[in-house]
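If you want the building blocks of each chain, they are given just below.
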Amino acid sequence: MTPMGVRRIVLCADDYGLSPGVNAAIRSLIARGRLNATSAMVVARALTQTEAAALAALKRETPRLQIGLHFTLTAPFAPLTAGYAPLDSGAFLPLAATLGRAIFGRLDESKIVTELQTQIEAFVAAFGFAPDYVDGHQHVQVFPQVRDAVLAVMRDALPGAWVRQCGRATPLWARFGDRKALLLDRLSAGFRKRSAAAGVPFNPGFAGTYAFRGAADFSGLFPRFLDGLPDGGVVMCHPGFVDDALKALDPLTDLREREYEFFASDAFPALLHQNRVTLS
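Residues numbered from 1 in each chain as written. Predicted model: local features only at pLDDT ≥ 70, side-chain atom pairs only at ≥ 80, totals over all residues. Heavy atoms only, no water.

> Please clarify how helix α5 (residues 146–157) should be interpreted in this entry.
Helical periodicity: at 3.6 residues per turn, an α-helix aligns residues three or four positions apart in one direction. Here α5 spans 16 Å end to end across twelve residues, near enough to the 16 Å set by a 1.5 Å rise per residue. Among all positions in α5, only V146, R147, A149, V150, L151, V153 and M154 are buried. Against the buried residues of α5 lie β4 (66–71), α4 (109–127), β5 (133–136), β6 (162–163) and α6 (179–198). (Helix = DSSP H or I, 4+ residues; strand = E, 2+ residues; numbered from the N terminus. Expected span 1.5 Å × (residues − 1). Buried < 20%, exposed > 50% of the residue type's maximum accessible area, 1.4 Å probe, protein only. Contact = heavy atoms within 4.5 Å.)

Following this line, the structure appears as structure tokens:
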């Protein structure tokens, strides 16, 4: 039981399966008690049976660890289902094109439903259990059209699982410095209403967005993520070790190691204690 006045948050490392280096970093932090959730990309080549088994073993050792599905619908990854469309050279469309089509209602929801069902099946085949929650690579789960497909599938196929919404709990006046987070706030407002109507639980608050630039001071940014975050809120993070597989797939490289170093340091648990926040 969490002591009175202490907030228990979900610190979730996205992108398990992206590369061997990302996988190793996430498992290292879980084993040290520095993370309590991670989201797995079943479309990624580095989510092998060996990598899935290693993470599943950690879950058996750490009952409060949550493992979710990192639902993926954007390039450079390819769908698991035949006939998914639209595609670009066999891969999903890039983020901007996917969001644009979603906003103008130009995605095929039935194909999204089938792809999500297939990714859930792949998750169960890899781990031996259903995901504890669903979120989205590049936040696709809160996009128009995608959100309706996600909630419909979760309602029927994942009873008891929760879905990540990406709206912040900070006061309105404090939100204007982060344009990406402002967009997620707006998309998540409608998403929460739909989630509640569908009976799918969601997190009460969200944090973790920042400009993924080389000069970013993650250790300086992290305390802000805790400001105003309610009990049960989610902080998204992207720790990892840089390897060739990561460099080939994602522009977010060195910052992943910077995040890992912060979470592995003595400063991180001290900061949680100072803010009366726990992961356990």
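> I would appreciate a short explanation of the pairing of strand β8 (residues 234–237) in the present structure.
Two faces, one strand: in a regular strand the side chains alternate between the faces of the sheet. Burial along β8 is two-sided: V234 and M236 facing one way and V235 and C237 facing the other are all buried. Where strand β2 (residues 10–16) lies against β8, four bridges are found, and the strand directions are parallel. Bridge pairing links C12 to M236 in β8. Bridge count between strand β7 (residues 206–207) and β8: two bridges; the pairing is parallel. Counterpart to F206 in the pairing with β8 is V234. Crossover β7 to β8 through helix α7 (residues 218–226) is right-handed. (Pairing = 2+ DSSP bridges. Right-handed = clockwise from strand over helix to strand, strands pointing away.)

> How should the packing of aromatic side chains be read in this particular structure?
For any two aromatic rings, the description comes down to two numbers: the centre-to-centre distance and the angle of the planes. Summed over the entire model, instances satisfying the criterion amount to 19 aromatic pairs. For the pair F123 and F129, a centre-to-centre distance of 6.2 Å together with 70 degrees between the ring planes defines the contact as edge-to-face. On the basis of an interplanar angle of 65 degrees and a centroid distance of 4.6 Å, the ring pair of F241 and Y260 is categorised as edge-to-face. Of this pair, F241 sits in the loop between β8 and α8 (244–249) while Y260 sits in helix α9 (residues 254–264); the two residues are 19 residues apart in sequence, bridging distant segments of the chain. Looking at Y260, the relative accessible area reads 13%, which means it is buried. (Phe/Tyr/Trp six-rings, centres within 6.5 Å; stacked < 30°, edge-to-face > 60°.)

> Explain the pattern of salt bridges to me, please; I cannot follow it from the model alone.
Close approach of charged atoms lets side chains of opposite charge pair. By the definition in use, this model includes nine salt bridges. The partner of D156 in a salt bridge is R155, and the shortest N-O contact between them spans 3.7 Å. What makes R155 partly exposed here is its relative accessible area of 46%. Residue R168 is joined to D185 by a salt bridge in which the shortest nitrogen-to-oxygen separation is 2.6 Å. (Salt bridge = Lys/Arg side-chain N within 4 Å of Asp/Glu carboxyl O.)

> Explanation requested: the packing of α7 against α9 in the structure shown.
A pair of packed helices is captured by two measures, namely the crossing angle of their axes and the spacing between those axes. Two elements in contact, α7 and α9, have axes separated by 10 Å at closest approach and are oriented at 65 degrees. Judged by the inter-axis angle, α7 sits roughly perpendicular to α9. In this structure, the crossing between α7 and α9 has a hand that is right-handed. Contact with α7, carried on its side by F218, S219 and F222, involves E259, F262 and F263 of α9 and no other residues of that element. When its residues are assigned to classes, the contact of α7 with α9 shows four nonpolar, one polar and one charged. (Axes fitted to C-alpha atoms, helices over the stretch in contact; angles between N-to-C directions. Parallel < 35°, antiparallel > 145°, perpendicular 65-115°, else oblique. Left-handed = near helix turned anticlockwise from the far one by under 90°. Nonpolar A, V, L, I, M, F, W, Y, C, P; charged D, E, K, R; others polar.)

> What should I look at first to understand unusual backbone geometry in this one?
Generally, phi is negative for residues other than glycine and the peptide bonds are trans, each holding for most cases. The omega torsion of the bond from A75 to P76 falls at 10 degrees, within 30 degrees of zero and hence cis. In this structure, P86 follows A85 across a cis peptide bond, with omega equal to 0 degrees. Positioned with a positive phi, H139 is a non-glycine residue whose angle comes to about 65 degrees. By the element assignment, H139 lies in the loop between β5 and α5.

> How should the side chain of N36 be read in this particular structure?
Inspection of the secondary structure assignment puts N36 in the loop between α1 (20–31) and β3 (37–40). Separated by 2.9 Å, the side chain of N36 and the backbone oxygen of I9 make a polar contact. In this structure the side chain of N36 is engaged in a polar contact, spanning 2.9 Å, whose partner is the backbone oxygen of L279. Those residues within four positions of N36 in sequence are excluded, and the remaining contacts are R8, I9, V10, L11, R64, L65, Q66 and L279. (Polar contact = N/O pair within 3.5 Å; in protein donor to acceptor, adjacent residues only side chain to side chain.)

> Please explain the packing of α1 against helix α2 (residues 49–61) as it appears in this structure.
At a minimum axis separation of 11 Å, α1 and α2 run at an interaxial angle of 10 degrees. One finds that α1 runs roughly parallel with respect to α2. In this structure, α1 contributes P20, N23, R27, I30 and A31 to the contact, and α2 contributes E51, A54, L55 and L58. Per-class residue counts for the contact of α1 with α2 are six nonpolar, one polar and two charged.

> Explanation requested: the pairing of β3 in the structure shown.
Alternating residues of β3 divide into A37 and S39 and T38 and A40, and every residue in both groups is buried. With three bridges joining them, β2 and β3 adopt parallel strand pairing. Bridged to Y16 within β3 is A40. Between β2 and its parallel partner β3, the chain crosses via α1, and the hand of that crossover is right-handed. The pairing of β3 with β4 spans four bridges and is classified as parallel. Along β4, the bridge assignment pairs A40 with L69. One crossover worth recording links β3 to the parallel β4 by way of α2, and it is right-handed.

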